[in-house]
Structures are given as C-alpha cells and as structure tokens.
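Observations on the model geometry
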Amino acid sequence: MKGIYAYSEALQDSTEITVIEAEGKSPREVRLNAEMKVEQSIDLSMLSAFILGEDLATDGLEKYLDVFYRDPYNSLTAFVVIAKGSVKDYIDASKSWSAEAGEYYSRLIRSAEILSYVPEYTLQTTGATLNSKGTDLVLPYITLDEKQQRPQLGGVALFSKGKYTGRVLKPDQSKVIGLLLQKKGRKIQFSFFYNNKPLSITVMDVKKKWKVTSSNSIKLDYDLQMDIQELSGDNLTDTKKIPEIEKFLEQKITEEIEKVITVLQEEKSDVLGVGNFVRVAKPEMFDENWHETFAELDIAVNVKGKILKVGIIK
Amino acid sequence: MKISLSRIQFFMLLFPLFTGFVYISIQSIIIDSGKRAAWLIFIVASILVYLLFILYEKTYKYFILGKVSSVIYQIYWLFHLSLLVSYTIFVVSTWMSPNTPKYALLLMLLIPSLYASLSRAETAVNIGAIFGTFIIFFIIFILNAADDFEYRNLVPTSESGLKEWIWGLIYSFSAYRNMECYLILRKYVMKNEKIAGKPLFYFVFLLFFMYMFSIITVSLYFSLDEFRFISEPLLYILHTQEVTFIKRLDLIFVFFWVLITIITIINFILVVKLVHFKKKRKYTKMRIVLYHILIFIFAYYFANFADLQWIRVRYWITFPIFGVLLPIMIITWNKVRGRTIFDSSNSSS
Amino acid sequence: MTEQQDQQQIILTKLKNSFYNSADFVAKPISWWDNEIAILCFYSSIVNKADVERIMYFFKEHIRDDNLYWGESVYTTVIPLDEKQLAKFLCDGETVVVRLKTKEMIRISLPEMAYRQTDEPTSEHVLQGSREGLVENFDVNLSLIRKRIKSHKLVVKQKSIGDETNTTVYYFYMADLVDEEALQLIEQRLDNIKIDILYSVGQLTDYLEDHVWSPFPQLLKTERSDRIAAGVLEGRIAVISDLSSTALIGPVSFFTFYQTPDDFNGRAITGSFYRMLRIFSFILAIFLPAFYIAVISFHFEILPLELSNQIKTDINNIPYRPILEAFILELTLELIREASIRLPTAVGQTIGIVGGLVIGDAIVNAGLVSNMMVIVVAFTAIGSFVIPSTEMNGTVRIMRFPFMILASFFGFLGIAFGAAILLIHLLNLTSLKRPYFTPLIPFLPKELYKIFIREPFFKPGKQVKSFSPKEDRKL
C-alpha cells in the first residue's frame, strides 16, 4: 500500500506544506518509510483527517485503523474520509491552497456535519461502530472536480459489516440519513417546488419513535419541527394554508426517506442502527445474520411535520 | 505504632485503598465477562459486599492477626504492592512516558512513598483528602464524552447467561478487594465515633457510586466488543476527547492517577506498618527502607505486558481468599475462643 | 573633705570606669535632702532630660523620705542599691539617683529612644482599612494593639534575650482564648534561646519555628497592627522584638498566608473572588513553567492543532532547550527584582523598565528565548507577586525551580513526583505543633470553604479549629 503525508513545516514566520509519499505493507511501515525521506520524524498527534482511497476501503477498514488506536500519541478526534480515485491527487491539490490539507479537509467535513450531510464520525467513533454488530458505518465521501483542483463532498459512503459497499449516497440523499440519525444542533434543509414555486424549509428538531410491529416489520415515526426559509409569491396570510403545506412536506419527505431506505436495504447497510434497536426491543429477531434480516425487513416510515416559524414576514 | 482515627479519616484512608489502583482498569474485565448485564451484575455484587461490610463491622473485634496469619498477609501485601507498582509504571510508560527507563519510573513512585512512610503517621492518615479534588476533575472530564453515549449499550441484559453472571460477579467482587484493610484499620477508630449504620452505608455507597459511574460511562461509550482490546477504558475515553485548550485529556488524568497511586501506596504501607510494628521492633527506619527496596525489585520484574496480563486475569482470587475466607476463619476462630482485640491488645503490647 | 565626699569620689570613679568613660555616660554628684549627697547617672543619649529634671526638682522640693512610699510614682521606683542591676537599668534608658546614705537607688524611667512614627507598612499595603503599622518600640506597638483589644484578658509577657544585646522580646495573647500548648511551646523555646546577640527577627523565627529547613514559613510575619489583633483574637500568639517592626504570629496554617485585611475590609463577594484568585495563583506560580516545559519537551501532542502551530513557529528557531530558555528568563527576572529592591524608588522604577521592556524585548529579538516563554514566565511572576505575604512569595518563587528541572527530565511524571513530595512535605509541616495544611488536611469539611470564601461577618461563625483554643467562642 501507499501512504501520503501532508504536513506543515514551521519556518521563520510562516508554515509551509510538505508532502511525502511512501510505500509499505502496513500503515505503520508506510510511516516508517516516510520518515526516512524527511529530516524529522512524523508526528501523527496532530492528525486532523485520514483519507482512505475507496479501493482500500472495500476489503474492510479495521486493519488500517489499528495503529491509530494502539499508539497513545495519536489523535482520535480526526475525521475518516473515503476518497474517490487516487488519494495522491487530493493531497497534490492541497499544494495550491493557503490552508493545510488536514485543516482544509477537516473544515470541509465539519461544515458538512453541521448541515447534516454527513453524520458525525471521528476515528474513535468509527472504531466503536465497526465493533458494534447492530449498526453500520457511513463515512464522508469526497470527489475532485474536473480540473482536479477543488475537492468537494460527494456524499456518504455506505458500509456493510465493516466493508465499503461501493455505493455512495449523493448529498441530497445523505442528508436524509442525517435526519434519521438526528443529533441536536444540526440543521437539515430541504427545498421543493410547491405549486411550482420554490419552498425551502429547515428541520429544527426531530423526535423519533421506532417500533417493532411484527417479526418482519418495523415502524419509524418521526415528528419534525420546521421553519419556512423561502416561499415566494404565495404568502401565508391565510393560516389555513399551513396544514396544507405541512401535508405536502410530510409526503415529500417520506418519499425521500423511503428512497434512501431502499438503497440501504439493497446494500445491507444498517447505518441507522436498527439492529441495536431491535436487539433491545425484540432480542429474538437479532442474530448473527442481522444484515440479511435487515435487507428483508419491512420498514414503514411515518413523518409528521409541524411548521413553527415562518420568518419575519408572513 | 499507635494511631487513632476519626471517622472521616478512617474512611479517607480506606477510600484510596479500595479505589486507588483498581479503578483505572477494573471496568474492562467486568464488562467483558459480564457482557450487557455487567452493570446489573455489579449492583448485585455491591449489595453482597455491603452485607459483608455489615458482617465485618459487627465482628471486627474478633479479627486478631496471629503470627501465621500476619505472615500470610504480609506476603500477600508485598506481592500486591509490587503488582500495584508494576502495573502503575506499566500504564505510565504506555500512556505518558514511553522513553523513561523502568527504574526511574519506579523511583518516581517509591521515593514519595518512602518519604511519607518515614514521616509521622498523621501524614499517611491524612493524605487521602487530596483524593476528593481529583474525583471532581475526573467526573467533569468524563462527562465531556456524554455526546457520544449510546444508551442502547446497556440493554438487553437478558443476553448475559449464567457463565457471564458468574464471571461478572467474580470480577465485580475483585473491585472490592482489600476488604481486610477495613478489619485492620477499624480498631484504630476512636471509640466514640459511630461507624455502623448510616456512615458505613454512605461510605459503601460512595465506593459503589464511583465504580458504577465508571462502568456505566464506559459501557455507554464503547461497544461491547471493544472491551476485548481496551484495558484502561477510562483513559481511553479521555484519550478520545478533545477540549478547546487540551487535546489529550488522558495525559492529565494519568498525571492525577499517578498522584492517586502514590497516595494508595502510602496508605497501604501504613496498613503494613500497623501490622508489622504492632510489636515493638528494632531498626524501624531500616525496615521501611528495606520494604521499599523489596517492592522495587519485585515490581521491576513484574512490569511487562505478558506477566501483568497473566496475573490480572487471575487476580480475582485474592478477594475470596484474603478478603473473605481468611478473615472469616480468623473471626470464627477467635469468636469460639472468645478473644477480642480489646483483651489481646492488653496482653500483647 | 568629709567621709561622704570621699565615698562619693570613689564611687564616681568606679562608675565611670565600669562604663568605660563613655562619652554619653553622665555620672555626677548632686545634693539631695539635708545636705545629703547623691549620685546621678544616666546615658545622655537615651534619656528625656527635661522630664527627668522636672521630676528631680519635684522630689527635692515636695517629698521627704519619712513618708511610707515616698519614692513611688508613675515614673519612679526606689530599690536597694545593686551595682549589677544598675548597669542594666541605665542601658534601658533609665536615670538612676544613688543615695549613698541609705544605699538606695531611685530609678526614674523616662527613656527617650529613637523610633519612627507609625505609618503604613510598605510590604503590606491595603486599599482600604487601617494603615497603622508597628514600629520598633515596645510602648507604641503595645498601645496600637491595646487600642484594638480593650480587654484585660490581653496578656503581654516580656523577656530579655541575648546576653550582650539584652533585646526585649515580648509576646501577647488572649488569656481566655490562647492555645495553651502553643503558648507553652513558645515560652519553652524562648527560654531555650542561648545566644549573645539577638539583632534580627529572622533569628527569632529560626528559634521558634518547628521546621527550619522547610522552604515554607510557619509563622506569619506582619507589620500590620490590625492583622496582629485579629490573630490574637482568634487565639494565636504574637511575638515581637524591640528591634524590628515585624511581629511573628503562630500557630498559622498555609492558607493564612493567602489572606489579607482587604478581604475583610471589602465586600464579601469581591473578597471571596480575590481569595480564590490567590489560591489559583499559587498553583499557577509553581506549576505553570514546569507544565509548559513538560508540554514542549515531552507532550507536544497535548496541544490542539491551532495552538500547536503557533507555538511550533515560535519556538522553532530557539537554539536552547526549553529548560535553559526558562532559566535564562527566570534568572533575569530574579536579577531585576533583586536589583530594584535596594535601589532608591526612582532608580528602581528605571531598572524595572530597562529590565522588563528592554531586556525582555531584546532577548526575544536576539532569538534566545521564545515569545511563548516570556508570556509564561511573566504570568508566573505576576502569579507569585499576588501572594500577600512577602515571605511566602519568596518561597513560591524558589519552589518553581525544582519543578522546572523535574519537568525537563521526566515531563508530567516529574511534576507528579514533585507534587507528591511537596504534598507530603506540606502534610509533615506543623506550625507550633499544629497541622500546617488545615483545613484541607486534616480534612475539616466544615472549614474547607473558608479557604475560598470570605464569609459575611453577621453570620455567626465558630472559633477556628486549625488549632485548639480554649474556648469555642463565636467571633
């Protein structure tokens, strides 16, 4: 395997980014070999992003991550990112930026996290998820634009049993996963056409309630609290319109969720942690073959929406 | 050697003895053997231990160490202390100071202990008070991780079968090893201080709370399978936390933990001294120095991963033998003979 | 020549000889009642001559020795002639009239020793409150205390120490409150002082303290009369010598050194805040440089990314290891401090500016020391100067050097080791055989908050428990 390190070198009054490339059998050996190429030792305690090529991720993450967990000097708050194509391009692209590669990528992921395009995973929580049988990993996926200049968020990479499935959810779908896994303080935005006029909303808070209805079906209830961000032309002087819009939104969002769940089931990727839930609610349903069960599961989604605020104009 | 303890001093002596060195590592083995019901198992174990405490409180006056039993305990304690020291330097060298040589680490731990042991007894009696300060820090640090807690990790408890319960119980008990120290120190408490009843309950509850807090937080944070790999889960939680000004909270905690361990060693050596110098002996200071040298030598040879792991897995055995069986035998034997510490102290000293 | 005159001549010569014909020693014959001749002697330098003259005149005109207590008055006493004691009285500034006929001495105690006016102690400024400091005079000092404690239970005991200097040392306490054991200890230790010369309060401290080799002061040194009065009212004992305006108060605890009268003169909340700040400053002053050195040389990964980049750029070009860097700066700082103490105020300030700004700036520009280290050392210095007691202040400044060395060798582990030793040492310490580190150790939960909180006065408090006063009196 091949590893590439981008780090900053302290100069008199500024820092400069240096990129080293090395090969080896394992991440540790790569690092050792890389160290031979520079005059100083590589200190991974300031690691801020770990970018893994998608071809490596297909046969399981665990073996690449061990070294990060074993050495107490490593930072476990770094992001794990899956990259399309060759990782080298991503690091090379960083040479032209003013920010360091690590800093850039971690900011890219963090801003995506706030908008719920990617769920929150650090190196540590990645490990915890890999070791949990009832849930699967979902990691940010980045791509480069045509000119090989700017990396951008390509969505999320779906995992099943610790291995990358090869399937990527585009950002507009990946935010649905963010919605389903809702954490506090995250804003999820949706835009639709309502009567041919743009309608944008932000989901402020989500209350979820899951229920096992039979041995083969599960029901996911979601209560959404929404703010209207944009609704042109048609103002809301008539309050009767609001239930109408709510209904429309409920229906649209349910559709979106169902689409995503179909993908998840196809890929046997239980990123929602349904397994962990079933394990508690109905232990007999959960066994070693959970992923097969999950693929066959009858998942019903029921979304209830409530518009709380409409902004400063009616 | 004569000391007299107030109630609060007594409990503050015991607190590090119970939690000091065990605290950092015990959760892993309890959870790994008890699986998802570990927390439940630990509650049951704690209730049983509380009953044992009540029993000891009722019968402590029959606990007289004879010549043979003194020797047995002294050997056990020497072993225990050496293990404690070697485990500590092992943890310190993996987490904090990988390049410091072993003997320097040992000296770092043993010199303060030697200094305190050669000082007046009050020093060792009172030093436990520092403990409280660290606990507050520690709880705040750990709760930092609350964002990543997964509440489903605690259930379903029904997944744990008989085997998990038995081993879970056994390892939970070993969280309360050093029960014999309670019996030994109990007689030094001033006569007018009340221990039985509420004070004892509060003490055991505090111990229980400390352990329970750690067990719950680590099992909320890690998935079950991870406990096979992680031997110091509390440190690991702190390792994964990042606050704005400090990236490695675990280092700070290891720092505190080294201090706590030194306190534990000091308190333990006080117990050893109390038993050893019950009779008047010559060369008091030389003996204390010699004792530290012995610990140094033993600990020097224990401190490697394989040996420590081998001992740690089997170390549950000390609680049933030295914490329960032996004391109960001594108590029964003296009860049958009708001897209590109050008449024996008159005859022996 | 009468027999009387002969005798008088002999005694005069003898007296002058035994006082080595000192220039300020006066001994001359005077006529007393009924043509009786007496000898007047005094040291002209330490006697209030005008008042003595007035008393002598009064004696000669209005008093006859057939009255029972003819010689007794506020200033005067009559005792039988004793040549040995005579010298002592004269040295104490008394005027003595020796009556040859009756072999009696009339002592007129009107000394006039030089002493300065009370003013605010320069080392213990307060923002508000009393500004009366002690001076180098028994009567003035005691009047300052008596003014504050108008109680007959305030007892003063006096002792003369030093075979040559005959220095007056006096200690006082409240008879109903004092910690008896501590009092006995003080008396015993004062009795055991066998020296010829007592000239400084430091000597006294060495004799009175429990642990001379500890860096921590175990007796509180203060020049503030209100502080002494407060201490005495809590059951402590104050020892003052005639030589110095500094009183020693004991038994005290470590935390006493962190309190100032300002805490009590101001509001409860502000007082509490500054009290906490001072405790924090103790930790800062001892551990901050050590912590910084440990981080830079061992645990760099502890810093968050942004900060670590900053520091890395800063220290990258410094040729020395952090410990050397720190020593250069710390020693510079100590030099400046030491230099500015003894210089006149105006020059002292210049030194401060030259030292602080010029050297500080130049040393960074020369690349000997990093900016970060300047910040750390400056913080530490300020942290140590916050401590109200000058003595504890010095202790804290010394204490950080061992910690810095330990940190440079072993990182955090070294600091933990040092902290353990320091802790055990503080536990071992006693002040007049009372635990030094109360209420933290022995742990008194009900007293603990007082370290951090300045209680309002109206709240009925209990007597301090850090030692054992006789009475549990509400303050």
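Residues numbered from 1 in each chain as written. Chains lettered and ligands numbered in written order. Predicted model: local features only at pLDDT ≥ 70, side-chain atom pairs only at ≥ 80, totals over all residues. Heavy atoms only, no water.

- Its UniProt record gives chain B the following Subcellular location (unreviewed entry) comment, quoted word for word: "Membrane". (UniProt positions renumbered as here; feature names shortened; annotations may be inferred.)

Quick word on the overall build of chain B
- Per the secondary structure count, chain B includes 16 helices and zero strands.
- Here the C-alpha radius of gyration of chain B, 20 Å, is about what a compact globule of 349 residues would show, namely 20 Å.
- C-alpha atoms of chain B, sized along the principal axes, occupy 60 × 45 × 35 Å.
- Expressed as a percentage of its 349 residues, the buried residues of chain B come to 61%.
- Restricting the contact set of chain B to residue pairs at least 6 apart, pairs at least 24 apart contribute 88%.
- Carbon and sulfur atoms make up 69% of the accessible area of chain B, which totals about 14200 Å².
- Side chains of chain B give 33 positive and 17 negative charges; the mean places of these two sets differ by 19 Å. (Helix = DSSP H or I, 4+ residues; strand = E, 2+ residues; numbered from the N terminus. Rg over C-alpha atoms; globule rule 2.2 N^0.38 Å. Buried < 20%, exposed > 50% of the residue type's maximum accessible area, 1.4 Å probe, protein only. Contact = heavy atoms within 4.5 Å. Areas by Shrake-Rupley, 256 points an atom, 1.4 Å probe, with all protein chains shown as cover. Lys, Arg positive; Asp, Glu negative; His and termini not counted. Charge placed at Lys NZ, Arg CZ, Asp CG, Glu CD.)

Quick look at the overall build of chain A
- A count of helical and extended segments in chain A gives ten helices and eleven strands.
- On the principal axes, the C-alpha backbone points of chain A span a range of 70 × 50 × 30 Å.
- Out of the 314 residues in chain A, the part that is buried amounts to 54%.
- Within chain A, contacts between residues at least 6 apart in sequence are counted, and of these 63% link residues at least 24 apart.
- By element, 48% of the accessible surface of chain A is carried by carbon and sulfur atoms, the whole surface being about 14900 Å².
- Here chain A carries 42 positive and 47 negative side-chain charges, and the mean point of each set is 5 Å from the other.

Structural notes on the domain arrangement of chain A
All names here are of chain A.
- We note that the domain assignment places domain 1 (2-169) and domain 2 (177-309) within chain A.
- Tallying the contact residues gives 21 residues for domain 1 and 26 residues for domain 2.
- For the pair domain 1 and domain 2, the two sides together bury roughly 1900 Å², of which 52% comes from carbon and sulfur.
- At the junction of domain 1 and domain 2, the tally comes to two salt bridges.
- Arginine 167 serves as the salt-bridge partner of glutamate 266, at 3.1 Å between the closest nitrogen and oxygen.
- Where domain 1 touches domain 2, the interface holds nine residue pairs in polar contact (both at pLDDT 80 or more).
- In terms of residue count, the dominant contributor to the side of domain 1 that touches domain 2 is strand E6 (residues 151-160) (four residues).
- Of the residues in the side of domain 1 that touches domain 2, the class split is nine nonpolar, six polar and six charged. (Domains from an automatic or database assignment. Buried area = accessible area lost by both parts, 1.4 Å probe. Salt bridge = Lys/Arg side-chain N within 4 Å of Asp/Glu carboxyl O. Polar contact = N/O pair within 3.5 Å; in protein donor to acceptor, adjacent residues only side chain to side chain. Nonpolar A, V, L, I, M, F, W, Y, C, P; charged D, E, K, R; others polar.)

Focus: the nonpolar core
- Membership of the largest hydrophobic core comes to 320 residues, with the highest contact counts inside it found for Tyr105 and Ile253 of chain A, Leu14 and Trp77 of chain B together with Phe172, Phe254 and Phe412 of chain C.
- Of all the elements, helix H12 (residues 249-276) of chain B adds the most residues to this core, at 22 residues.
- Those residues in contact with phenylalanine 172 of chain C that sit more than four places away from it in its chain are Leu142, Ile145, Leu154, Val155, Val156, Ile228, Val232, Arg236, Ile237, Ala238 and Ile240 of chain C.
- In this structure, Tyr171, Tyr173, Ala182 and Val201 of chain C belong to the second largest nonpolar core, which totals 21 residues. (Core = buried A, V, L, I, M, F, W, Y, C linked by side-chain atoms within 4.5 Å.)

Quick notes on the sheet that holds strand E10 (residues 247-250) of chain C
Residues and elements named next belong to chain C.
- Read across the open sheet, the five strands follow the order E6-E7-E9-E10-E8; overall the sheet is antiparallel. Either end of the sheet is taken by a strand with one partner, and the two such strands are strand E6 (154-161) and strand E8 (220-222). The mean angle between the axes of side-by-side strands here comes to 25°, regardless of whether they run parallel or antiparallel.
- On top of the sheet, helix H4 (residues 138-148) reaches E6, strand E7 (167-174) and strand E9 (237-241); it is set at about 160° to E6, its chief contact.
- On top of the sheet, helix H7 (residues 225-233) reaches E6, E7, E8, E9 and E10; it is set at about 55° to E7, its chief contact. (Pairing = 2+ DSSP bridges. Axes fitted to C-alpha atoms, helices over the stretch in contact; angles between N-to-C directions.)

Details of the interface of chain B and chain C
- In this assembly, 36 residues from chain B lie in contact with 28 residues from chain C.
- Here chain B and chain C share an interface that buries about 2700 Å² over both sides, 78% of which is from carbon and sulfur atoms.
- It is Met108, Tyr115 and Phe255 of chain B in chain B that bury the most area against chain C; as a group they hold 22% of the surface buried on that side.
- Where chain B touches chain C, the interface holds one salt bridge.
- There are six residue pairs in polar contact (both at pLDDT 80 or more) connecting chain B and chain C.
- With eight residues, helix H5 (residues 102-118) of chain B is the largest single contributor of residues to the side of chain B that touches chain C.
- The residue makeup of the side of chain B that touches chain C, split by class, is 25 nonpolar, seven polar and four charged.

Side note on a nonpolar patch on the surface
Residue and element names in this part refer to chain B.
- A cluster of nonpolar residues, Phe201, Tyr202, Phe205, Leu206 and Phe209, forms a patch on the protein surface that exposes about 500 Å² of accessible area.
- Positionally, phenylalanine 205 belongs in helix H10 (residues 198-221).
- Its relative accessible area of 42% is what places phenylalanine 205 among the partly exposed residues. (Patch = residues over 30% accessible without salt bridge, like charges linked within 9 Å, V, L, I, M, F, W, Y side chains within 5 Å.)

Considering the environment of leucine 208 of chain C
Residue and element names in this part refer to chain C.
- Relative to the helices and strands, leucine 208 resides in helix H6 (residues 201-208).
- Judged by its relative accessible area of 1%, leucine 208 falls in the buried class.
- The spacing of leucine 208 and leucine 190 is 18 residues in sequence and 7.3 Å in space, taken between C-alpha atoms.
- The contacts of leucine 208, once residues within four sequence positions are left out, are Ile186, Arg189, Leu190, Leu219, Val239, Leu248 and Leu432.

Points about the sheet that holds strand E5 (residues 104-108) of chain C
All names here are of chain C.
- On the basis of which strands lie adjacent, the open sheet formed by five strands has the order E1-E2-E4-E5-E3 and antiparallel pairing. Two strands close off the open sheet at either side, each with one partner strand: strand E1 (25-31) and strand E3 (76-80). Pairwise comparison of adjacent strand axes, ignoring direction, gives a mean angle of 20° for this sheet.
- The pairing of E3 with E5 spans five bridges and is classified as antiparallel.

Overview of unusual backbone geometry
All names here are of chain C.
- Residues glycine 250 and proline 251 are joined by a peptide bond in cis, for which omega reads -5°.
- Positive phi outside glycine occurs at tyrosine 20, with the angle close to 55°.
- In this structure, tyrosine 20 sits in the loop between helix H1 (3-18) and E1.
- Overall, tyrosine 20 belongs to the exposed group, its relative accessible area being 73%.

Let's talk about the UniProt feature "transmembrane region" (unreviewed entry) in chain B
All names here are of chain B.
- With numbering matched to this structure, UniProt assigns "transmembrane region" (unreviewed entry) to residues 12-31, 37-56, 77-96, 125-145, 200-224, 251-276, 288-303 and 315-333.
- In residues 251-276, helix accounts for 100% and strand for 0%; the two terminal C-alpha atoms are 37 Å from one another.
- End-to-end, the C-alpha atoms of residues 315-333 are 27 Å apart, and along that stretch the chain is 84% helix and 0% strand.

With respect to the packing of helix H7 (residues 129-143) of chain B against H12 of chain B
All names here are of chain B.
- Their axes nearest at 11 Å, the elements H7 and H12 cross at an angle of 155°. Of the possible angle classes, the one that applies to H7 and H12 is roughly antiparallel. By crossing handedness, the relation of H7 to H12 is classed as left-handed. Across the interface between the two elements, Ile130, Phe131, Phe134, Phe137, Phe138 and Phe141 from H7 touch Leu249, Ile252, Phe253, Phe256, Leu259, Ile260 and Ile263 from H12. (Parallel < 35°, antiparallel > 145°, perpendicular 65-115°, else oblique. Left-handed = near helix turned anticlockwise from the far one by under 90°.)

Looking at a positive patch on the surface
Residues and elements named next belong to chain B.
- Taken together, Lys67, Lys187, Lys278, Lys279, Arg281 and Arg287 make up a surface patch of like positive charges.
- For arginine 281, the position within the fold is in the loop between H12 and helix H13 (284-302).
- Judged by its relative accessible area of 35%, arginine 281 is partly exposed.

Some points on the pairing of strand E2 (residues 37-43) of chain C
Residue and element names in this part refer to chain C.
- Of all seven residues making up E2, seven are buried, and the element is well covered by its neighbours.
- Both faces of E2 are covered, namely the face carrying Ile37, Ile39, Cys41 and Tyr43 and the face carrying Ala38, Leu40 and Phe42.
- The pairing of E1 with E2 spans seven bridges and is antiparallel. Bridge assignment links valine 26 to a residue of E2, and that residue is phenylalanine 42.
- Count of turn residues in the E1/E2 antiparallel hairpin: five residues, of which aspartate 34 carries a positive phi of about 50°.
- Across four bridges, the pairing between E2 and strand E4 (residues 95-99) is antiparallel. Paired with leucine 40 across the bridge in E4 is valine 97.

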